[in-house]
Amino acid sequence: MKQFISVHDVTDIDALVAKALAYKAEPFKDRTLGVGKRIGLLFLNPSLRTRLSTQIAAKNIGMEAIVFNVDKEGWALEFEEGAIMSGNTVEHVKDAAPILGNYFDILCIRTFPSLKNREDDYSELYITEFIKYCGVPVVSLESATLHPLQSLTDVITIKEQLNQNPLSGNPKPKVVLTWAPHVKALPQCVANSFSQWMNAWGEVDFVITHPEDYELAEQFTKGATITHNQDEALKNANFVYVKNWSTYKDYGKIYENDPGWMLTEKKLQLTNNAKVMHCLPVRRNVELSDEVLDGPNSIVTQEAANRVWAAQAVIASILEGL
Amino acid sequence: MKQFISVHDVTDIDALVAKALAYKAEPFKDRTLGVGKRIGLLFLNPSLRTRLSTQIAAKNIGMEAIVFNVDKEGWALEFEEGAIMSGNTVEHVKDAAPILGNYFDILCIRTFPSLKNREDDYSELYITEFIKYCGVPVVSLESATLHPLQSLTDVITIKEQLNQNPLSGNPKPKVVLTWAPHVKALPQCVANSFSQWMNAWGEVDFVITHPEDYELAEQFTKGATITHNQDEALKNANFVYVKNWSTYKDYGKIYENDPGWMLTEKKLQLTNNAKVMHCLPVRRNVELSDEVLDGPNSIVTQEAANRVWAAQAVIASILEGL
Amino acid sequence: MKQFISVHDVTDIDALVAKALAYKAEPFKDRTLGVGKRIGLLFLNPSLRTRLSTQIAAKNIGMEAIVFNVDKEGWALEFEEGAIMSGNTVEHVKDAAPILGNYFDILCIRTFPSLKNREDDYSELYITEFIKYCGVPVVSLESATLHPLQSLTDVITIKEQLNQNPLSGNPKPKVVLTWAPHVKALPQCVANSFSQWMNAWGEVDFVITHPEDYELAEQFTKGATITHNQDEALKNANFVYVKNWSTYKDYGKIYENDPGWMLTEKKLQLTNNAKVMHCLPVRRNVELSDEVLDGPNSIVTQEAANRVWAAQAVIASILEGL
């Protein structure tokens, strides 16, 4: 693997999932693979699970991981070509990225969207510039439009559940991505990325449901069934993925925020005893009710725990390709 | 040892002190004890000595230590059961703690009191919730009411001094905890915890002195001699522990702040050539005078250095019980 | 080597440069030199290259490196002797430094000048107090007036260029330090330190050029040719070091800030095909033009990459002298 920015960087999803589950069974089986190699974790935005799981994954295969919180420990980067840097940005990505590429064998980057200008965000300028100038493989720790390590984790988690409890009858599980209310305007990354991976994986019957005006970008959702009727969508679902996102068309807004879209125990009863997923952090009793999160159908903790094995499979695959 | 939240988690104080002093003599004697294990250091509040000493202690026994500054690198956690999370808190401890327990073999947490609501602080809600939900042993790096790693260090330091210079005559050294002035309202943690450990240890004649209105919670002080007369308390003392705290009864206030309570050379002459202790950081010439801190009776540096061995003994004991 | 604060701590510059280049050729050749030893990296100000390169250098020789951002994670330190600490400073260097010296075998410190009071800054109070009280070797990661790891890197980079492309004819390369415009008042550290090292090294024909009123302190520049005529200075130069600094005499000011002093392609043509250096971060199109930075004469990335080998040579030399 040459980089890990989206599902397009993966040639065989099932093989990558199998690799991750093999690491889960035996975390230290490649403990010397990364010895003498360094991975840099660059955060332009805060992180808990992503930072810790990637750090742990790297260490499990013998790599030295160094965290750098650009937003807190460093300074503002400039991304515009030809900028006259007489303002607040202190260093151009053209100067910072090659150095980081020199210090590290793999560079991981988290950079959130502004949610102000759709074209800018969807051009993925920041991570693209890092890739262009750093000269080493780049792993996305969530970018302006996608969160591939989360999505790989989600596929791993679904696969693991199916391995443990195979579905009788219908060979393809029904997976529903449902919009949920929130108090802040959030990126579309997780929803975009989950859609992209479900469609690319092709092993599921994939349905997306959200209120009007919350359509996601078609480049990611194409192939999925899309409906504004949440109850209809939930019927017979085997997995429900709950997530809020802000509007894509009239970009970065909160339109309708109907509490009726919160996933409750009552709504869960519409499903086929579905497992409930969420990338975390979750706003309890806003996105999902306590009863669902604390109930037997929630697999959010197992899902977050799988972040380690997703990261480990990706880093190992990149190391093997160096 | 199953956790380290207060002196009640320790079955044999003397054995733990001996273990710490054995590590001081030979820091790397258990260098492989923690190999393949990870310890998470979670800071909801800032730290210098506690962070560095715990990090070093873990590494000395081969454990990987990962620091996470929740307040700076992460986001606000919710601790209230059933909260509708439509405010500023981003993630509930019920969701964060199990993940952290999954990522780490031991979880260490620092969480200061608000000093606004006594019942809340003294319920130790934050650390209790982490213990309840994380599923792995928890070590307090200072909580709302106690600072057990500091107190263990203090016992180690007193014991070490007594080993080096045994007292002639009186078999029990007189240890005085004296309140000192400060410019800010501080927690009662260090004073509570020191009192708790001195009483539990039982090897000393323990006296607490403070101005009126600064009474500590009886659950921690019971068994100690308490007086408002500092000069009387200092008489014949072998160890003087200097510390400020805010009021407990009318909670979190600064009442009298008489500079006359500062420990000076003149006051030190009332003692039996007492060694002077402080947990640091210390406000010079407010809590203690320069002449005392820079003089031969101060053992504050040795005390802070012993933080490493206290942490190492605790982490090793927990690892041995896993 | 007992410490690394300025060029005066180095007995043989050429030998130190050779040591660094040997590490560049074989990064892990001394991989066990620092095993069981710890280096503390203390930042009172932000850092990217310095932090990462020093951290990497330490790990390359087997040392455990621990970063502590005093400004972000800790608290304000007091440096005044005899201070009555009733203000905002939380801990005196007299108390913090000995503990840090106890926790670490080598202590590295970054501390910027205030640019408000020249005497205070040029007394190097902060780093001097750390040296006085910590009891272990101190390495400057940039202090109020100097940046020796950068300057050593610069000598390494010039030497490396000369090794690769020996000058025909004139045995001494012409090295020009030129002032450049900026938007902020910056320290004189890099310029002071580069001047000090060029003069001490003695292997170059060293010229400094800047507008009137930007004279540097004579203690560092003595021995160099100084001119206000940039074009004249650039003539036949083999290396041009571009850097902004604020005024020294009327301390910490921006006087003239003529954009004409920016290093452009046109100005570069005055030189003898000079290599262009800068310590980074650089304000593009303010200090240097894009065309120069992106052109074949810029060696700023190689220069920054060499920071690792400079740090590794220094840390190794100190370890060997312990």
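These numbers come from a predicted model, not from an experiment. (Residues numbered from 1 in each chain as written. Chains lettered and ligands numbered in written order. Predicted model: local features only at pLDDT ≥ 70, side-chain atom pairs only at ≥ 80, totals over all residues. Heavy atoms only, no water.)

A. Summary view of the UniProt feature "binding site: N(2)-succinyl-L-ornithine" (unreviewed entry) in chain A. All names here are of chain A. Mapped onto this structure's residue numbering, the UniProt feature "binding site: N(2)-succinyl-L-ornithine" (unreviewed entry) falls at Glu142, His182, Lys243 and Arg283. For histidine 182, the position within the fold is in the loop between strand E7 (174-179) and helix H8 (189-201). Exposure remark for histidine 182: the relative accessible area of 7% places this residue in the buried category. Beyond its immediate chain neighbours, meaning those up to four positions away, histidine 182 contacts Asn244, Asn257, Arg283, Val286 and Glu287. Side-chain polar atoms of histidine 182 contact the backbone nitrogen of lysine 184, separated by 3.1 Å. By the element assignment, lysine 243 lies in strand E10 (residues 239-243). The buried category is assigned to lysine 243, whose relative accessible area is 8%. (UniProt positions renumbered as here; feature names shortened; annotations may be inferred. Helix = DSSP H or I, 4+ residues; strand = E, 2+ residues; numbered from the N terminus. Buried < 20%, exposed > 50% of the residue type's maximum accessible area, 1.4 Å probe, protein only. Contact = heavy atoms within 4.5 Å. Polar contact = N/O pair within 3.5 Å; in protein donor to acceptor, adjacent residues only side chain to side chain.)

B. The arrangement of the interface of chain B and chain A in detail. Opposite the 29 residues of chain B that make contact, chain A presents 31 residues. Summing both sides of the interface, chain B and chain A together bury roughly 2,600 Å²; the carbon and sulfur share of this comes to 59%. Linking aspartate 95 of chain B and arginine 284 of chain A is a salt bridge whose minimum nitrogen-to-oxygen distance equals 2.8 Å. Between chain B and chain A we count 13 residue pairs in polar contact (both at pLDDT 80 or more) in total. Counting residues per element, the ones that place at least two in the side of chain B that touches chain A are strand E2 (64-69), helix H3 (70-73), strand E4 (91-92) and helix H4 (93-103) of chain B. Considering each element in turn, the side of chain B that touches chain A owes the most residues, 7 residues, to H4 of chain B. Broken down by class, the residue content of the side of chain B that touches chain A amounts to 13 nonpolar, 9 polar and 7 charged. (Buried area = accessible area lost by both parts, 1.4 Å probe. Salt bridge = Lys/Arg side-chain N within 4 Å of Asp/Glu carboxyl O. Nonpolar A, V, L, I, M, F, W, Y, C, P; charged D, E, K, R; others polar.)

C. Highlighting the pattern of salt bridges. For the structure on display, the rule yields 42 salt bridges over all chains. Residue glutamate 91 of chain A is joined to arginine 49 of chain C by a salt bridge in which the shortest nitrogen-to-oxygen separation is 2.8 Å. In this pair, glutamate 91 of chain A is assigned in strand E4 (residues 91-92) and arginine 49 of chain C in helix H2 (residues 49-60), connecting two distinct chains. Both residues of the pair, glutamate 91 of chain A and arginine 49 of chain C, count as buried. Lysine 94 of chain B is the salt-bridge partner of aspartate 294 of chain A, the closest N and O atoms lying 2.7 Å from each other. You can see aspartate 294 of chain A sitting in the loop between helix H12 (290-293) and helix H13 (300-305) and its partner lysine 94 of chain B sitting in helix H4, one on each of two chains.

D. A look at the interface of chain C and chain A. Opposite the 31 residues of chain C that make contact, chain A presents 29 residues. Where chain C abuts chain A, roughly 2,600 Å² becomes buried across the two surfaces, and 59% of that area is made up of carbon and sulfur atoms. Broken down residue by residue, the surface that chain C buries against chain A is led by Leu48, Arg283 and Arg284 of chain C, which jointly contribute 23%. Between the two partners, chain C and chain A, sit 4 salt bridges. Seen at the junction of chain C and chain A, the total is 12 residue pairs in polar contact (both at pLDDT 80 or more). At the level of secondary structure, the elements contributing two or more residues to the side of chain C that touches chain A comprise H2, helix H12 (290-293), helix H13 (300-305) and helix H14 (307-320) of chain C.

E. Spatial organisation of the UniProt feature "domain: Aspartate/ornithine carbamoyltransferase Asp/Orn-binding" (unreviewed entry) in chain A. Those places that UniProt annotates as "domain: Aspartate/ornithine carbamoyltransferase Asp/Orn-binding" (unreviewed entry) correspond, in this numbering, to residues 207-317 of chain A. This span, residues 207-317 of chain A, is 31% helix and 13% strand, and a straight line between its end C-alpha atoms measures 31 Å.

F. Geometry of the sheet that holds strand E6 (residues 138-140) of chain B. All names here are of chain B. If you trace the 4 strands from one edge of the open sheet to the other, you get E2-E1-E5-E6, paired in parallel fashion. With partners counted over all chains shown, the strands left at the sheet margins are E2 and E6, one partner each. Going from strand to strand, the sheet's axes swing by 20 degrees on average, the running direction of each strand aside. Relative to strand E5 (residues 106-110), strand E1 (residues 38-43) is paired through 5 bridges, and the arrangement is parallel. Directly across from phenylalanine 43, in E5, lies its bridge partner arginine 110. On the sheet, helix H2 (residues 49-60) packs against E1, E2 and E5 and is oriented at approximately 175 degrees with respect to E1. (Pairing = 2+ DSSP bridges. Axes fitted to C-alpha atoms, helices over the stretch in contact; angles between N-to-C directions.)

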